[in-house]
Each structure stands twice: as structure tokens, then as C-alpha cells.
Amino acid sequence: MIIEMAERPVVLFDLDGTVVDTQGAILRVASRVLAERGYPEPDPQDLLPMVGPPLEEGFMLVAGVGREEAVSLAGAYRALFDEIVVPDDYPPLPGMRALLDSLAASGRVLAVATSRMEDTARTMVREQGLTRFRVVCGRVPGVRYRKAESIAAALDALGASASEAVMVGDRKHDVEGACELGMPCIGLYSGAAAPGEHERAGAVAVAHGAADLVRILGV
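Reference entry: report on the structure contained in this document. Model, not experiment: these values are computed from the prediction. (Residues numbered from 1 in each chain as written. Predicted model: local features only at pLDDT ≥ 70, side-chain atom pairs only at ≥ 80, totals over all residues. Heavy atoms only, no water.)

Residues spaced three or four apart along an α-helix face the same direction, because each turn holds 3.6 residues. Compared with an ideal rise of 1.5 Å per residue, which puts 18 residues at 26 Å, helix H4 (residues 67-84) spans 25 Å between its outermost C-alpha atoms and is within 8% of the ideal. Inspection of H4 places Ala70, Leu73, Ala74, Tyr77, Leu80 and Phe81 among the buried residues, and these make up the whole buried set. Angularly, the buried residues of H4 cover 135° about the axis, an arc narrow enough to put them on a single face. Facing away from the buried side of H4 by more than 90 degrees, the exposed set consists of Glu68, Asp82 and Glu83. (Helix = DSSP H or I, 4+ residues; strand = E, 2+ residues; numbered from the N terminus. Expected span 1.5 Å × (residues − 1). Buried < 20%, exposed > 50% of the residue type's maximum accessible area, 1.4 Å probe, protein only. Arc of directions from axis to C-beta.)

What follows is about the pairing of strand S5 (residues 185-188). Consecutive side chains along a regular strand alternate between the two faces of the sheet. Of the two faces of S5, the one lined by Cys185 and Gly187 and the one lined by Ile186 and Leu188 are each fully buried. The sheet contact formed by strand S4 (residues 165-169) and S5 spans 3 bridges and is parallel. Directly across from methionine 167, in S5, lies its bridge partner cysteine 185. In this view, the connection linking S4 to its parallel neighbour S5 by way of helix H8 (residues 172-180) has right-handed handedness. Pairing between S5 and strand S6 (residues 205-207): 3 bridges, direction parallel. (Pairing = 2+ DSSP bridges. Right-handed = clockwise from strand over helix to strand, strands pointing away.)

Soluble globular proteins: nonpolar side chains tend toward being buried together. Counting 51 residues, the largest nonpolar core has Phe13, Phe59, Tyr77, Phe133 and Leu213 as the members making the most contacts within it. With 7 residues, helix H2 (residues 23-36) is the largest single contributor of residues to this core. With 21 residues, the next largest nonpolar core counts Cys137, Leu155, Met167 and Ala203 among its residues. (Core = buried A, V, L, I, M, F, W, Y, C linked by side-chain atoms within 4.5 Å.)

Where two aromatic rings form a pair, the distance of their centres and the angle of their planes describe that pair. Using the criterion set out here, one finds 3 aromatic pairs in the structure. Ring geometry for phenylalanine 59 versus tyrosine 77: centroids 6.2 Å apart, planes at 75°, classification edge-to-face. Here phenylalanine 59 is found in helix H3 (residues 55-63), whereas its partner tyrosine 77 is found in helix H4, with 18 residues between them in sequence. Here phenylalanine 59 and tyrosine 77 have matching classes, each one buried. For the pair tyrosine 77 and phenylalanine 81, a centre-to-centre distance of 5.9 Å together with 25° between the ring planes defines the contact as stacked. With a gap of 4 residues between them, tyrosine 77 and phenylalanine 81 both fall in helix H4, about one helical turn apart. There is no split in this pair, since tyrosine 77 and phenylalanine 81 are both buried. Three or more aromatic residues link up through ring pairs in this structure, and these residues are Phe59, Tyr77 and Phe81. Taking NZ or CZ as reference, arginine 116 lies 4.8 Å from the ring centre of phenylalanine 81, over its face. (Phe/Tyr/Trp six-rings, centres within 6.5 Å; stacked < 30°, edge-to-face > 60°. Lys NZ or Arg CZ within 6 Å of the ring centre and 35° of its normal.)

No statement about biological role is implied by the geometric values presented.
Pasting the structure below:
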């Protein structure tokens, strides 16, 4: 299966925790929002479920609230994130720029498929100078919500099929979204996923950093 991954011409990447390291920023903003709303101060480890799924689902998991309150918390989170988070707070993961350069040089077509709001994701990619991505597809209110929908949108924008592509992501949501479309996913352990999470979700391979991705993707 790893050999097959090296032969697929299209590589889709999740953004948070896969291309850029936003974990610290996400936990800092989420913790502050919860504190300002009067929730007990959480242990940073307990906030890790915030990294990966849509914000509303993350707040439902870590705060034990219903969807209406989660939507309100997510709105406050986005406003605070835009206010206090700067590009230095979400640098590319070690080795990621070189990996993207190598993939592009080998003729691979690259795109981002994320659960983050699409406008914000595009801004973050642009601010980091990540020019190797042909398209950035994310969540669009009233249009796309689920991870599989962002992946499908990226494939459509590239004019590619699932049989030509492989997904790289750091949470089970990436693996499950890719599997829903019949596309393989490489699970990247970068800090948020629990041990064995990717394997249980059906990842075809796992990586613990850019060096592993270089090997698996054949560059």
C-alpha cells in the first residue's frame, strides 16, 4: 500500500496539526474563551479534542455543552483567534516546507482540505507563504461542514478523482472523511491524536513527522 501512495499524483493535506502547528494557539484561545464564559479552567491535555473537528463539536466534547452553547462558544473563539493569533503562532511543522517543495518538484498536485473555515484557512496559508497548494478548501457555512465535503471539494477543484489521490491528516476525522470517499489516508501523529487513533480509523499508513511522510509518499 505504501508503494501505491508513492504513485498517486494528488496529495491532499489537512491544515491544523498537519501542515501548520496551531495546537498551542488553539488551546490558548479555547482556554481563554471558556474562562471568560465562566467555565472551570481546563487542563491543556483535556482541550486536545479541540484540534481536528469543527469548533462546535470540539466545544461539545471538552465543555460538555449542547450545540446551541457550542455555537456561541465557537463564535467567541473565532473572534478572539482573529484578534490575537498571528502567523508566528502557527509555523509550518518541522520539515513540512521541504516536503511540499519535494512533492511539487516531483510533479505531484497539492491541495488543502480542512475543517477550518475556508476564508481563514486561505489567509493562514497565504500568510505562511505556502504557495505549493493549488487550492484550499474548507468549511463554508451553508455549503460545506463535514470533512468529507471539504475533501470532495478539493478533488473537484483540481479535477481529480479519489482514485488518484491520498489524504494526509493528523486526526481520525481526516481518515474517516477520506475513507468515506474511498480514498486512502496517511495518519500523522503530531501531538493531538491519541495512540492508535489513526489505525483504528482505518489509516493505510502512519507517520510521526515529515521524514516518515517523505518515505511513504516516495520523495
